[in-house]
Each structure stands twice: as C-alpha cells, then as structure tokens.
Amino acid sequence: MSDSPTPVSGSKTRLPTRRRALRWLFGGSAMVGAGSWAKDDWLTAGPGWRGPVSDHFDGRVFFNPGLPRGDKSWIDLWRWRLSGGRERWPEQAADSGRLPVAGTPPAPGRDGAVTATLVGHATFLLRWRGLTVLTDPVWSDRCSPVTWAGPKRARPPAVAWPDLPPVDLVLLSHNHYDHLDLATLQRLEAHSRPLILTGLGNRAFLAGHGLNRVVELDWWQSHAASGAQVTFAPAVHWSNRGGNSRNATLWGAFLIEVAGTRVYFGGDTGYGPHFAETRRRLGAPDLALLPIGAYEPRWFMKTMHMNPAEAVQAHHDLGARRSLGFHFGTWQLTDEGIDAPVLALAEARAAAGLTEDVFRAPGFGERIEAFA
Ligand SMILES: [Zn+2]
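Worth saying up front: this structure is predicted, and the values here are computed from it rather than measured.

**Description of the overall build of the protein**
- Regarding its fold elements, the protein presents eight helices and 14 strands.
- Here the protein holds 372 residues, and 50% of them are scored as buried.
- Taking contacts inside the protein between residues at least 6 apart in sequence as the whole, the part at least 24 apart equals 72%.

Structure representation (structure tokens):
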C-alpha cells in the first residue's frame, strides 16, 4: 500500500486471515486476480542502498535529518483504523464520466511556456521546449502491494494511454505503491523508453524488473538529460515496498530546469525546513507542484503528508511564482473526504491573501499553461 506500515511476515498457509486483515487495513472491497495473490515485487523489493554515511543515511537506512525517527507502529495503525474518522468516498467521482479527457494529448506550451496536466494523484504530464516529462506515473487501477485489494481509483487517468506523447523523462519520487507502479513503468518502457530519475537505492529494484534506463541521485545531486538539468532535493517522508525494505531507498523532490524556467515537483512530503533550504540552494521555482492531500488524521499523517495550509506555507518558503496542488481525489488513502483538500486549499489560500491563480488544485485533465 502507499503510506501505511506494510505487513510483511507469514506464509501462504496463513493467507485467509492475512487477506482479511489486509482488506480491512487497506480499505479495499473487491477481490481480483484470485490466481495470484501478490504482485511480483512483493517481498523482493531489492537490496537497498550501500554507501557512505551521510546526514540522511546511517549506513543501513535513510532518515529525515533533524526530525525524530518515530516510525509508525502496528499499534498506531490499528489505533487510526479503529478511530472511525474515515469519510466515505464515492466509488466514482462526479467528473469520472468526462475522463479521460478526449482528444489529442495536452500540447506543448508556446515558446517558453510550461504546460502541466494532472493525470491523477501524483502523475503530471509536463511539456515545455520540446521536452515531455511524467512525474510518478501510475495508470493502474489500484495502488497496492497486492493485486486483489487496496485503494481503487475514484477517477480514471485523465489522459488516455493512447494519447500519451513520447516521454523523455520520468521523475520517480520514491517507491510507495501510489508513486512507483511497475506495470506503468514497464508500459512506458515499451512506449518510449524514457530515462527514469529517482533516489538512491531504487535502480537495482527497477533493473530487476527490466527497467535499465535509470539514474539514481542523492539529495542535491543533478543530472543533465534531454536539455534539462534535474536536481533531486529533500522531502520529509519515508519508503517501503515490503520485506525489509523500510527506508532502504531514498525519497525526495525534484527541481527541473529547462532554458531558465524552473519547475519543482514536491513528491510526497510532510512540511519541513527543506522547502526554504531548496530555495536557498537551488533558487525559487517558477512553477511548484505541491501535494495537498492524504493528511487526516493529523496525529498519524503529519510526519509524511502536508495539509493544504502547510502546502501554502511551502509555496511561500519556496518563493514559487505559481503553485498547483496534487495528491488528492484519486485513491482514498486517509480519512478526509474526496473534495476536502480542494476546499481546504481555498480556505488556506484566502487566509494567506493569495489569489486562485497563484495556487490552486487543477482539474483532472486540465491543460494549464504557465509563463507563455
Ligand atoms: Zn509515499
């Protein structure tokens, strides 16, 4: 699953009990893929990272520097799920019938303009100056370690797969299932073989699944490709993909610069000092993509996901000219209602005196052109 501690041990003989428990924990309701109970990467999440100790790597696992290493326990997870605060999402959102948006793929912007289209959750299609980028691409129906349970889409991907233009770069923020989807990455490999940029420790795992055009980066490391300069930057988060993989690979955000225009993709993150630090070290972005959903209950989620008010603060810390929200309205991962992040963003924006044009949640499939 995405951001809950992943149950790991056991054998197939214990499956019925575990299956029931997983369905309950993941909030899934349907059983699919009965012949195969788990995706092929379950419990084989790769060897992780071996490298020198740093301010965010202790020689074995990564951590968020300056913050307590308070991993959530099974007891916390049960306390949350028993608390009864979960809003009910519709099976399909009201605009689902209009998705995917029909017609041609979202076109590149004029001259220096960046076009951004929210495909769903953390997947943006970005195009500018001949470059096409996807962030955390997921076209699959569920984000889950198993094929038969787990969050199911409340909206289909807003860009139909046949409309997807050739992709130059994929920015992969971390290995949680709602951000790293092997099925989609393998489809992309056959589609246009993009270069994948990601955090330390993910390359071996991806190579083990036939994805060999991968560059892994530490925080503040850069890589030049397709006319873009891409820098991996810190985020406050964690990683896990089953087995002993907890925090064995690095998570982060990206700053991508093409011909002087800078776009920041925040990945998955709690609020922290890293936004101001990123601005100090890399400069203020023209466009910031900031996560605004999966934040309730705060006592559980605060250390991994911002709420909209914190995202507005992050927008200020980064000094972004303009921001767009994401990480909402696609899979129910947490307690808040499907539209709550968009409403809370409007409130936080008003409280901060910002106009809607400066920071809003894009419509799914909406083509937004910035800086024409
Ligand atoms: Zn995550």
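**Things to note about the nonpolar core**
- Counting residues in each nonpolar core, the largest one holds 87 residues, and the members touching the most others are Phe 254 and Tyr 264.
- Discounting residues that sit within four places of it in the chain, Tyr 264 has contacts with Ala 253, Leu 255, Pro 285, Ala 288, Leu 289, Leu 318 and Ala 320.

**Things to note about the environment of Tyr 271**
- Along the chain, the position of Tyr 271 falls in the loop between strand E10 (261–265) and helix H5 (274–282).
- With 18 C-beta atoms packed within 10 Å, Tyr 271 lands in the partly exposed category.
- Here the alpha-carbon distance between Tyr 271 and Thr 303, two residues 32 residues apart in the chain, equals 7.6 Å.
- Not counting residues within four places of it along the chain, the set of residues in contact with Tyr 271 comprises Met 306, Glu 310, Gln 313 and Ala 314.

**Some words on helix H3 (residues 182–191)**
- Along H3, the residues classified as buried are Thr 184, Leu 185 and Leu 188. One side of H3 carries all its buried residues, which in axial view fall inside an arc of 100 degrees.
- Packed against the buried residues of H3 are strand E4 (169–172).
- Positive phi appears at Arg 193, one or two residues downstream of H3, with a value of about 45 degrees.

**Structural notes on the sheet that holds strand E2 (residues 123–128)**
- Strand order across the open sheet formed by seven strands is E6-E5-E4-E3-E2-E1-E14, with mixed pairing between neighbours. Looking at which strands have only one partner, the edges of the open sheet turn out to be strand E6 (214–217) and strand E14 (367–370). Neighbour to neighbour, the strand axes of the sheet diverge by 20 degrees on average, direction disregarded.
- Across three bridges, the pairing between strand E3 (residues 131–135) and E4 is parallel. Looking at the pairing, Thr 135 lines up with Leu 171 of E4.

**Structural notes on the packing of H5 against helix H7 (residues 308–318)**
- The interhelical angle for the contact between H5 and H7, taken along N-to-C directions, is 20 degrees, at an axis separation of 8 Å. Classified by the angle between their axes, H5 and H7 sit roughly parallel to one another. Relative to H7, the crossing made by H5 is right-handed. Residue-level inspection shows Phe 275, Ala 276, Thr 278 and Arg 279 of H5 in contact with H7, the latter providing Ala 314, Asp 317 and Leu 318.
- Partitioned by chemical class, the residues of the contact of H5 with H7 number four nonpolar, one polar and two charged.

**Some words on the pairing of strand E8 (residues 228–233)**
- Counting buried positions along E8 gives five out of six residues, so the element sits mostly inside the fold.
- Two elements, strand E7 (residues 222–225) and E8, share four bridges in a ladder whose sense is antiparallel. Within E8, the residue paired with His 223 across the bridge is Val 230.
- With antiparallel pairing between neighbouring strands as the criterion, E7 and E8 make up a hairpin whose turn holds two residues, including Ser 226 at a positive phi of roughly 50 degrees.

**Quick notes on unusual backbone geometry**
- With an omega of -5 degrees, the peptide bond between Leu 99 and Pro 100 qualifies as cis.
- Relative to the elements of secondary structure, Pro 100 occurs in the loop between helix H2 (74–82) and strand E1 (114–120).
- A cis amide bond links Glu 296 with the next residue in sequence, Pro 297, at an omega value of 0 degrees.
- Tracing the chain through its elements places Pro 297 in the loop between strand E11 (287–291) and helix H6 (298–301).
- Its identity as a non-glycine residue notwithstanding, Arg 129 has a phi of 50 degrees, on the positive side.
- Secondary-structure assignment places Arg 129 in the loop between E2 and E3.
- What makes Arg 129 partly exposed here is the crowd of 16 C-beta atoms within 10 Å.
- Even without glycine at this site, His 327 takes up a positive phi of about 70 degrees.
- Structurally, His 327 can be placed in the loop between strand E12 (322–326) and helix H8 (340–351).

About the criteria used
- Residues numbered from 1 in each chain as written.
- Predicted model: local features only at pLDDT ≥ 70, side-chain atom pairs only at ≥ 80, totals over all residues.
- Helix = DSSP H or I, 4+ residues; strand = E, 2+ residues; numbered from the N terminus.
- Buried ≥ 20, exposed ≤ 12 C-beta atoms within 10 Å, placed from the backbone.
- Contact = placed C-beta atoms within 7 Å.
- Core = buried A, V, L, I, M, F, W, Y, C linked by C-beta atoms within 7 Å.
- Arc of directions from axis to C-beta.
- Pairing = 2+ DSSP bridges.
- Axes fitted to C-alpha atoms, helices over the stretch in contact; angles between N-to-C directions.
- Parallel < 35°, antiparallel > 145°, perpendicular 65-115°, else oblique.
- Left-handed = near helix turned anticlockwise from the far one by under 90°.
- Nonpolar A, V, L, I, M, F, W, Y, C, P; charged D, E, K, R; others polar.

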